[in-house]
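# Commentary on secondary and tertiary structure
Spelled out from the first residue to the last, the chains are:
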Amino acid sequence: MASYSARDVHEDRAPVGMGSRTDRWWIEPVLVILTLVSFSAYAMWRAFEGNYYDSLQALERGAREVPLLLSPFYSPPFHEWFPGFKERFAISPALFVLVFPLSFRATCYYCRRSYYRAFFWDPPACGLPEPGMAKRKRYTGESAWPFVLQNLHRYALYFILIVVAFHYKHLYDACFVMGDAGRHFGIGLGTMIMGLDAVLLSLYVFSCHSWRHLIGGGLNLLSSAPIRLRLWRIVSALNARHGLYFWLSLITVGLADLYVRLVASGIIADPRII
Amino acid sequence: MRDTIRLRVFRGDASGGEEREYEVKTFPGMVVLDAIHQIQGEQDGTLACRWNCKAAKCGSCSAEINGLPRLMCKSRVEEFYDAAGVIRVHPIKTFPLIKDLVTDVSWNYKVAESIPPLRIREGTPRPLRMDQSDVERAQEFRKCIECFLCQTVCHVLRDHNRTDAYFGPRYMVKIAALDMHPLDSVERRSFLRRSAGVGYCNITKCCQEVCPEHIHITDNAIIPLKERVADEFYDPIRMLVRRLSGRK
Ligand code: SF4
Ligand code: SF4
Ligand code: FES
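These notes cover the structure that comes with them. Keep in mind that what you see is a predicted model, and the values were worked out from it rather than measured.

### Section: the overall build of chain A
- Helix and strand counts for chain A come out as 11 helices and four strands.
- Its C-alpha atoms give chain A a radius of gyration of 23 Å, more than 25% over the compact-globule value 19 Å for 274 residues.
- By its C-alpha atoms, chain A is 85 × 50 × 40 Å across when sized along the principal axes.
- In chain A, which comprises 274 residues, the proportion classed as buried is 38%.

Shown next as structure tokens:
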């Protein structure tokens, strides 16, 4: 059984490590690491691939009719606004697009919680002693460089709001198909996937803590602004599930891109529903 | 439920200590505090622990059960013993140890004294009236029973020992209750950033996970306070607008 002497004691306290957790606390950080690393690897591969992001490409490969799907990794469509971008700068336009969701997610309060735990071990799990304390620098958290920059999360929010609008524009486009008869209305599995992506991204963005503050959290007299009060209540309800929406929207955005890649490269044909 | 369980209780003080095992008979509805009382009454009267209400309302019986801070009076033994019937009970780790399960939490009271109290805005008509929608946020924070479980689990205080820089989650809750009060007139943002050290919290949410009153400490108190501090100190556009419009 554990014991200690005055030598192990810091400031008259019992040593932090004594009698600490033996449950399976490591499951959560392991899942976080696996999910974030595999998503980042996939996103990087797709960005550098710089191909198969527009389903129209399938027409060149002999498909007769394709839905108008654009990968969310290429939205807003910088590649349309600046044609020849890739050739001129020798980098994929996706890297420019990715800056927006990446900065939003990296500074997201929920995501911070998860990576400070899983990657920085600050702490690895609640109540667990932090490993390597002797070698660590004096802890300053988010009060000093570099993590003080997390306070700029609201600016990442402003940009992601634009991205959300574009996701709806692409959802609208996805309600059409292009074929021999030209462009006409048509709903397929791709439309559903784009719809799911747009809705879950919206739930994630509109449950954001900075958004909640902007909508009404910063007011002390909420009763004097009844519309903001009502909105604040809705956002607060969404906010309670912010972490869930973080993961779901991360998965669906990857899924939407994967689906577009499969259709654009001609591996699968989009099943039409209407 | 098992008929007997084995409690490994920390015995000692700041000069050193050890876990000692006690076998305890169980009964339906037994909580860890009952087991401690049984040890005190039948096996070892020198075991020190602090308690008062046995109803999870006084916040005295905080301890670490199997490594996580909890109220002993709210922890059913059957939820905690392992396959061998063992439960480990230790004192909270963040505050100086007096003896066995009793720690000196007086640092918290000193912190509390340094927080600027509520000051009603001058000229507010009497009797004071407040709309329910304006006070409900603060009402959640008023549920706090000052058990300091959140203070003891917070890694800023627990592992990094930054009691010099950060007030801890319990006092973020208190400051939020004051700062969000509809009639309050005190400006606490600079205090929050400099003296209370809200920036030291890295929102890892352990405080919220252990709070026996289920106060959403990070979501409803600390993060909104961080946003208020960001309005004041970390938002270049707002700062520019404030300067141009001559507002402070
Ligand atoms: S969320 Fe902040 S205050 Fe709460 S335990 Fe973590 S670091 Fe401490
Ligand atoms: S906020 Fe919760 S955990 Fe912290 S002292 Fe109050 S009741 Fe206890
Ligand atoms: S004895 Fe009062 S909270 Fe446990």
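### Examining the sheet that holds strand β2 (residues 65-67) of chain A
All names here are of chain A.
- With respect to topology, three strands assemble into an open sheet ordered β2-β3-β4, the strand pairing being antiparallel. The open sheet terminates on both sides in strands that have one partner only, identified here as β2 and β4 (182-185). In this sheet, neighbouring strand axes are inclined to one another by 25° on average, regardless of whether the strands run parallel or antiparallel.

### Things to note about the environment of Ile92 of chain B
All names here are of chain B.
- Along the chain, Ile92 falls in the loop between β5 (86-90) and β6 (97-99).
- Owing to 24 C-beta atoms within 10 Å, Ile92 belongs among the buried residues under this scheme.
- In sequence terms Ile92 and Leu149 are 57 residues apart; their C-alpha atoms lie 8.0 Å from each other.

### Section: the site of ligand 2
Residue and element names in this part refer to chain B.
- Neighbouring residues of ligand 2: 16 residues in total, closest Cys144, Cys147, Cys150, Arg170 and Cys211.
- Residue assignment for the shell around ligand 2 shows that the elements contributing at least two residues are α4 (149-153) and α6 (169-179).
- The element that contributes the greatest number of residues to the shell around ligand 2 is α6, accounting for three residues.
- Class assignment for the residues of the shell around ligand 2 results in 13 nonpolar, no polar and three charged.

### Comments concerning the site of ligand 1
Residue and element names in this part refer to chain B.
- If you check the shell around ligand 1, you find 14 residues, and the closest are Cys154, Pro169, Cys201, Thr204 and Cys207.
- The set of elements that each furnish at least two residues to the shell around ligand 1 consists of α5 (155-158), α8 (206-210) and α9 (217-233).
- Class assignment of the residues belonging to the shell around ligand 1 gives a composition of nine nonpolar, four polar and one charged.

### Regarding the sheet that holds strand β1 (residues 4-13) of chain B
- Strand order in the open sheet formed by six strands is β1(A)-β2(B)-β1(B)-β5(B)-β3(B)-β4(B), with mixed pairing between adjacent strands. Each of the sheet's edge strands pairs with one partner strand only, and the pair in question is β1 (3-5) of chain A together with β4 (68-71) of chain B. On average, each strand axis in the sheet is tilted by 35° relative to the strand beside it, whichever way the strands run.
- The pairing of β1 of chain B with β5 of chain B spans four bridges and is parallel. Across the sheet, residue Arg8 of chain B finds its bridge partner in β5 of chain B, namely Arg88 of chain B.
- Relative to strand β2 (residues 16-25) of chain B, helix α1 (residues 32-43) of chain B is tilted by about 95°, and along the sheet it contacts β1, β2, β3 (62-65) and β5 of chain B.

Rules used throughout
Residues numbered from 1 in each chain as written. Chains lettered and ligands numbered in written order. Predicted model: local features only at pLDDT ≥ 70, side-chain atom pairs only at ≥ 80, totals over all residues. Helix = DSSP H or I, 4+ residues; strand = E, 2+ residues; numbered from the N terminus. Rg over C-alpha atoms; globule rule 2.2 N^0.38 Å. Buried ≥ 20, exposed ≤ 12 C-beta atoms within 10 Å, placed from the backbone. Pairing = 2+ DSSP bridges. Axes fitted to C-alpha atoms, helices over the stretch in contact; angles between N-to-C directions. Near = placed C-beta within 6 Å. Nonpolar A, V, L, I, M, F, W, Y, C, P; charged D, E, K, R; others polar. Contact = placed C-beta atoms within 7 Å.

The analysis is restricted to geometry; functional conclusions fall outside its scope.
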